[in-house]
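Architecture and fold: a report
Letter by letter, the chains look like this.
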Amino acid sequence: MLLPSYDSLPIYDVVESVITELQASKQVLLHAPTGAGKSTGLPLAILHQAQLPGRIIMLEPRRIAARSVAERLAEQLNEPVGKTVGYRMRSETKISASTRLEVVTEGILTRMLQQDPELGDVSLVILDEFHERSLQADLALALLLEVQEGLRDDLRILVMSATLDNQRLSALLPDAPVIVSEGRSYPVAREYHPLSPHQPFEQSVASAVLRLLQQETGSLLLFLPGVGEIQRVLSQLESKINDDTLLCPLYGALSLADQRKAIAPAPAGMRKVVLATNIAETSLTIEGIRLVIDSGLERTSRFEPKNGLTRLITQRISQASMVQRAGRAGRLEAGVCWHLFSQEQAERAAEHSEPEILNADLSSLLLSLLQWGCRDSAQLHWLDNPPQPALAVAQSLLLKLGALDDKQQLTARGWQMAEFGSDPRLAAILCAAREHAAKEKDSTALATAAKLVAILEEPPRRGQPDLTHWMTINQRHWQQRANQLIRNIISQGERQRMGNKYLDNRNEEINPDLIPELLVQGFPDRIAKNRDNLGRFQLANGLGVALEREEPLSAEAWLIAPSLQQGSKQPDARVLLACPLNIEQTIRQYPLLFTEHTAIEWDDNKGSLRAWRRLQCGRLIVKAQPLAKPSEAELQEALLNWVRQEGLSALNWSSEALQLRIRLEKATEWLPEIDWPPVDDEALLNTLEQWLLPALKGVSNLKGLRQIELSSCLIGLLDWQQRQILDNELPTNYTVPTGSRVAIQYFKDKPPVLSVRMQEMYGERQNPVLAKGRIPVVVELLSPAHRPLQITQDLAAFWHGAYREVQKEMKGRYPKHLWPDDPANTAPTRRVKKYL
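Residues numbered from 1 in each chain as written. Predicted model: local features only at pLDDT ≥ 70, side-chain atom pairs only at ≥ 80, totals over all residues. Heavy atoms only, no water.

A word on the overall build of the protein. Within the protein, the secondary structure is distributed over 30 helices and 31 strands. Expected size for 836 residues packed as a compact globule is a radius of gyration near 28 Å; at 35 Å, the protein overshoots this value by more than 25%. Counting across all 836 residues of the protein, residues that qualify as buried make up 53%. Across the protein, every contact between residues at least 6 apart in sequence was considered, and the portion connecting residues at least 24 apart equals 66%. Carbon and sulfur atoms form 47% of the exposed surface of the protein, whose accessible area is close to 39,000 Å². (Helix = DSSP H or I, 4+ residues; strand = E, 2+ residues; numbered from the N terminus. Rg over C-alpha atoms; globule rule 2.2 N^0.38 Å. Buried < 20%, exposed > 50% of the residue type's maximum accessible area, 1.4 Å probe, protein only. Contact = heavy atoms within 4.5 Å. Areas by Shrake-Rupley, 256 points an atom, 1.4 Å probe, with all protein chains shown as cover.)

With that out of the way, let us pick up the sheet that holds strand S4 (residues 92-94). Taken in spatial order, the 8 strands line up as S4-S3-S5-S2-S6-S7-S1-S8 in an open sheet, and their pairing is mixed. Strands with a single pairing partner mark the edges of an open sheet, and in this sheet they are S4 and strand S8 (178-180). Between one strand axis and the next, the sheet turns through 20° on average, direction left out of account. Summarising the sheet, strand S3 (residues 85-89) and strand S5 (residues 101-104) pair through 4 bridges and their orientation is parallel. Bridged to Tyr87 within S5 is Val103. (Pairing = 2+ DSSP bridges. Axes fitted to C-alpha atoms, helices over the stretch in contact; angles between N-to-C directions.)

In this section: the nonpolar core. Counting residues in each nonpolar core, the largest one holds 105 residues, and the members touching the most others are Leu109, Leu127, Ile429 and Leu519. When sequence neighbours within four positions are dropped, the list of residues in contact with Leu109 reads Ile57, Leu59, Val104, Val125, Leu127, Ala140 and Leu144. The next biggest cluster of nonpolar side chains, apart from the first, holds 60 residues, and it includes Leu639, Leu648, Trp653 and Ile662. (Core = buried A, V, L, I, M, F, W, Y, C linked by side-chain atoms within 4.5 Å.)

Turning next to the side chain of Gln259. Mapped onto the elements of the fold, Gln259 is located in helix H9 (residues 256-263). What Gln259 contacts, discounting residues up to four positions off in sequence, is Ile64, Arg67, Leu250, Tyr251, Gly252 and Leu254.

Taken as a whole, the protein shows an average pLDDT of 88; of its residues, 94% reach a score of 70 or greater. Considering only residues more than four positions removed or in separate chains, one finds that residues 501-508, a stretch of pLDDT under 50, has 24 contacts. (pLDDT = per-residue confidence, 0-100.)

Take the packing of aromatic side chains next. By convention here, two paired aromatic rings are described through the distance between centres and the angle between planes. A full pass over the atoms with the stated rule returns 6 aromatic pairs. Ring centres of Tyr192 and Phe341 lie 6.2 Å apart, and the angle between their planes is 65°; this geometry places the pair in the edge-to-face category. You can see Tyr192 sitting in strand S9 (residues 188-192) and its partner Phe341 sitting in the loop between strand S16 (335-339) and helix H11 (343-348), a full 149 residues away along the chain. Look at Tyr192 and you get partly exposed, because its relative accessible area is 26%. On the numbers, 5.7 Å between centres and 80° between planes, the contact of Trp799 with Tyr803 is edge-to-face. (Phe/Tyr/Trp six-rings, centres within 6.5 Å; stacked < 30°, edge-to-face > 60°.)

Turning to the sheet that holds strand S20 (residues 558-565), a few remarks are in order. Here we have 5 strands rolled up into a closed barrel, ordered S17-S18-S19-S21-S20, and mixed in their pairing. Within this sheet the neighbouring strands show an average axis-to-axis angle of 50°, counted without direction. As judged from the 3 bridges shared by strand S17 (residues 527-530) and S20, these two strands associate in the antiparallel manner. Residue Ala528 lies in a different strand from S20, and its bridge partner there is Leu559.

A separate point is the packing of helix H12 (residues 363-372) against helix H13 (residues 388-400). Close contact between H12 and H13 brings their axes to 8 Å; oriented N to C, the two are set at 75°. Put simply, H12 runs roughly perpendicular to H13. In this structure, H12 uses Ser363, Leu366, Leu367 and Leu370 to contact H13, whose residues at the interface are Leu391, Ala394, Gln395, Leu397 and Leu398. Residues that form the contact of H12 with H13 fall into these classes: 7 nonpolar, 2 polar and no charged. (Parallel < 35°, antiparallel > 145°, perpendicular 65-115°, else oblique. Nonpolar A, V, L, I, M, F, W, Y, C, P; charged D, E, K, R; others polar.)

With respect to the helices and strands, the residue Glu229 is situated in helix H8 (residues 227-238). Among the residues examined, Glu229 registers a relative accessible area of 10% and is labelled buried. For Glu229, the side chain forms a polar contact with the main-chain nitrogen of Gly226, separated by 3.3 Å. Apart from the residues within four sequence positions on either side, Glu229 is in contact with Phe201, Glu202, Leu224 and Arg299. (Polar contact = N/O pair within 3.5 Å; in protein donor to acceptor, adjacent residues only side chain to side chain.)

Before going further, it helps to examine the pairing of S3. Burial analysis of S3 places 4 of its 5 residues in the buried class, the great majority of the element. Pairing analysis gives 3 bridges linking S3 to S4, with the strands arranged antiparallel. The residue bridging Met89 from the neighbouring strand is Glu92, located in S4. Between S3 and S4, which pair antiparallel in sequence order, lie 2 residues.

In the contact formed by helix H1 (residues 12-24) and helix H2 (residues 42-49), the axes pass within 10 Å of each other and the chain directions differ by 60°. In terms of their interaxial angle, H1 and H2 are classed as oblique. The handedness of the crossing between H1 and H2 comes out as right-handed. Residues Val15, Val18, Ile19 and Leu22 of H1 form the contact with H2, whose participating residues are Leu42, Ala45, Ile46 and Gln49. (Left-handed = near helix turned anticlockwise from the far one by under 90°.)

Here we come to the environment of Leu620. As for its position among the elements, Leu620 is in strand S24 (residues 620-627). Take Leu620: its relative accessible area is 2%, and that puts it in the buried class. As a C-alpha pair, Leu620 and Val699 span 79 residues in sequence and 28 Å in three-dimensional space. Residues in contact with Leu620, not counting those within four places in the same chain, are Ile527, Ala528, Lys529, Gln538, Leu539, Ala540, Trp558 and Leu615.

Structure follows, in structure tokens:
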């Protein structure tokens, strides 16, 4: 083994400090900019100089970076990958008994912790590129901190980043020393060249690339938001680029050979243009780059708890990412970076990118936490706590998949799903296949499920959406992944008993008839019903989805659609992969997915209510049977369902009921010390059984429903003491000095108003107040003809001030009425002068 030399790397200056702090502290934070050698130099230095008794595990957030870093580390030792340095990722492993430094990714570290919480033979865990704040890195840090607290006080954690958020990390890890490596980079001239709004994006970008290549020497790295943009810019450049320039795309789904071509130096006498996603921002060293063009865009995912879909969005990158991208130009010599946006836009950008944990589907995270034995995420230490709405959606999904029981504990299937390490939906498919194979003695179930999961993990980027078609296609990476999955889900004893046929995923072992059945196990909410035979479907969760009209699947009555893409412009999500579904067979196989409901609808043709008993899958109506004479209980339930469907506005809200509702809303605001019942739309719809159901006795149609006086229903939400407080502090009427009871009008968005003729308020010296004196009433003083004369919230000030002007004008207009000089001390009246 050839020992490497570190003194050529900037990180060498802090190696001794890092090793010293690791010996004294449980956690160490390292800030080292791009090019310092933190990924490819420091791990080897620690390995050879720190004399750690156990292995070193280094977490990389991306597969391409993990493989590249491991290969670079092994190359420095003049060894093949898998000897001293190895790597482990989802579909590939290269380690041996002599491996002392493992580069891992994609949840591998989490699975290692689940299998061996003490990490018995591990001395140090390195979290590299932590500034990317991947979900797995956040989870790994939370679990490692708990391991340190309860199991391994000798385990060390090194958090490395190029743009470390030191303030927040130091708050989470107050005892962790912070080490800063200055790094080494050559000057980079950063210029801003906004794209023309009158030219297509890809064309403008290609023009900028050609201009910079003409002006400067060296190879160029172009950052684009996604694969589609890379391919379109590539097509723009192919016919215009010089023969001495290679065009190399770089993104995660590329083959290993193409990825290596993009990373390797250009052949002698040539230069290259690498068209990359943000995968090239960190970790990867792309040889020979001195020019960078930054589109300023990235494609990121946003999970939407309301519909359970993850939507891809294109957004501006953060300022930290801009620095990272520009820094790629100054690794070997002075470089140039063109940002294809204005400097003003750069200054307005966010300082850091948002952590993935705040915008991700958390079903995998929740499954990992439950497997860990943590039922409350707040028990762990997080930089950003997992959002509760996303955790609630994740819990609901795990219940549907059979991973949780009614007590929110993992079922036997849930434990199996967690051990597979796949996305919970895909793990449910694998569990279902295993159960089916054992029950039916069906040798095709596992092969079918494994191939299906392999395709859903890395779906085809283009082509027809019929999933059954892709199941017949021979793709090497799908076959390899399927074989690996089969090995994972079959125990050693089962493999010996079943034979090697299970390890050879041949086409004849695929059973197309099982595909819908397996998909239902993983995607019960993605059952879809045809809406119009024009490619528009509705999912069981209520979301609208669509296919192109010419697609054969658009004519199917029912589909199951595991792969969808939610766009930002179209209301319906696009179906990427789906297959036909026999709904009758699904009802027989999975009756628990379907529920019976009684519903009542207004029939416009007959002018009456019609009652139905419906079989539903989520929000989809599968079957409907008319009911000739529903029972009173069924009728009441149906009426409540009708109100939920149509909304509260479908009821007859009298002015009395509306005023009561506003009074209760204002009581919550003005008297917060009292526990008032919520009366917003959502709360009332959720509590219909409590306040509306008692009034439905004897009601059999919409006419009767709309005759219900809702104020008497709402008052039933209050106990006796609450009613007394409401009537005393927010009364419906105010007794004016003449003894008249005048209504107080309450409003949602302005103070309460008392409208009364001025003569009836004579003698009232102080302004009326409500809510224990906290809220003054707006007094609208009216003329004898009931027209507004003055509006005030300070009656005393009005009598002594503006009243004089009103008095002058009104004496002439209404001479028969009383207009005294001292109204505050004059007896009030309802009469004219001759009766006084």
